[in-house]
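Read off the chains here:
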Amino acid sequence: MGTKHKILEDFYDDWFMLIAIQSNQEDYALAYALNSMLKTQFKRTKNDIEINENLSIAMFEWFDEKTDSNWSLFPNSTFGQGDINMTGLFKDMPSTAKQHLVPEHSKVDYFIKIDQEVADTLVKSIQEIPSVMTAYMVDCDKLNSKNNLIF
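Below you will find a few notes about this structure.

Parameters at a glance
Residues numbered from 1 in each chain as written. Predicted model: local features only at pLDDT ≥ 70, side-chain atom pairs only at ≥ 80, totals over all residues. Heavy atoms only, no water. Helix = DSSP H or I, 4+ residues; strand = E, 2+ residues; numbered from the N terminus. Contact = heavy atoms within 4.5 Å. Salt bridge = Lys/Arg side-chain N within 4 Å of Asp/Glu carboxyl O. Buried < 20%, exposed > 50% of the residue type's maximum accessible area, 1.4 Å probe, protein only. Pairing = 2+ DSSP bridges. Axes fitted to C-alpha atoms, helices over the stretch in contact; angles between N-to-C directions. Expected span 1.5 Å × (residues − 1).

A few words now on the environment of lysine 43. Its place among the elements puts lysine 43 in strand β2 (residues 43–44). For the pair lysine 43 and serine 72, spaced 29 residues apart in sequence, the C-alpha separation works out to 9.4 Å. When near neighbours in sequence (up to four residues on either side) are disregarded, lysine 43 contacts Met59, Phe60 and Glu61.

Here it is in structure tokens:
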């Protein structure tokens, strides 16, 4: 007979800091710019993160050994199967729609998720990257879609 183990919410820590970035760069170019400016070492993960059966996102990760923290860079939006009912000539064609991980911040292009507290100067350094239009901290406690960012 098997044993069931339950994880109590007291032991599950879902706290993290989230930095929103608006940039028109491709994800690999933004990761390179961040690595150059911040001296980080973001690298593309071998596998994309699957959100559901029709939705996956590219992920760049870095483990900061100095602070013992994980950093993740990922896009806020991707194209996935849509719920659009087509009629006419293209009714049998699959439809795609832009879907957001954090719908309440649909204007944000990328997020950096950090599992450790960081200095405010980090956001200022990100804003100095020429291809970054803006960067700011997001209050994670006010996010309705916080569970989308637990991966």
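Next comes the rest of the write-up.
What follows concerns the pattern of salt bridges. It is possible for side chains bearing opposite charge to pair when their charged atoms get close. For the coordinates displayed, the defined rule picks out two salt bridges. Between aspartate 48 and arginine 44 there is a salt bridge, with the nearest N and O atoms lying 2.4 Å from each other. The class for arginine 44 is partly exposed, based on a relative accessible area of 44%. Between aspartate 139 and lysine 142 there is a salt bridge whose closest N-O contact spans 4.0 Å.

So, on to the pairing of strand β1 (residues 17–23). Most of β1 is tucked away, with six of its seven residues classed as buried. When β1 meets strand β9 (residues 110–114), the two strands line up antiparallel, connected through five bridges. By the bridge assignment, isoleucine 19 is partnered in β9 with isoleucine 112. One ladder, built from six bridges, connects β1 with strand β10 (residues 132–138); its direction is antiparallel. Following the sheet pairing, isoleucine 21 is matched in β10 by alanine 135.

The next thing to look at is the pairing of strand β6 (residues 69–75). Here β6 lies mainly inside the structure; six of its seven residues are buried. With five bridges joining them, strand β5 (residues 60–64) and β6 adopt antiparallel strand pairing. Counterpart to aspartate 64 in the pairing with β6 is serine 69. A loop of four residues connects β5 with β6, the two strands running antiparallel in sequence, and aspartate 68 in this loop sits at a positive phi of about 55°. Pairing of β6 with β9, which is carried by five bridges, proceeds in the antiparallel orientation. Within β9, the position partnered with serine 72 by the bridge is lysine 113.

To continue, consider the sheet that holds β9. Read from one edge to the other, the open sheet built from six strands follows the order β2-β5-β6-β9-β1-β10, with strand pairing classed as antiparallel. Because the sheet does not close on itself, it has two edges, and the strands there are β2 and β10. Here helix α1 (residues 27–38) sits on the sheet and contacts β1, β5, β6, β9 and β10; the angle it forms with β6, its principal contact strand, is near 145°.

Moving on to α1. Between its terminal C-alpha atoms α1 stretches 16 Å, which fits the 16 Å expected from 12 residues at 1.5 Å a residue. Buried within α1 are the following residues: Asp27, Leu30, Ala31, Ala33, Leu34, Asn35 and Leu38. Looking at the buried residues of α1, the elements they touch are β1, β5, β6, β9, α2 (121–127) and β10. In the segment just after α1, lysine 39 is the residue with positive phi, at about 60°.

Once that is clear, we can look at unusual backbone geometry. Negative phi characterises most residues that are not glycine, and trans characterises most peptide bonds. You will see that lysine 39, though not glycine, has its phi angle at about 60°, which is positive. Examined against the element boundaries, lysine 39 turns out to sit in the loop between α1 and β2. Although it is not a glycine, aspartate 68 adopts a positive phi angle of roughly 55°. Tracing the sequence through the fold places aspartate 68 in the loop between β5 and β6.

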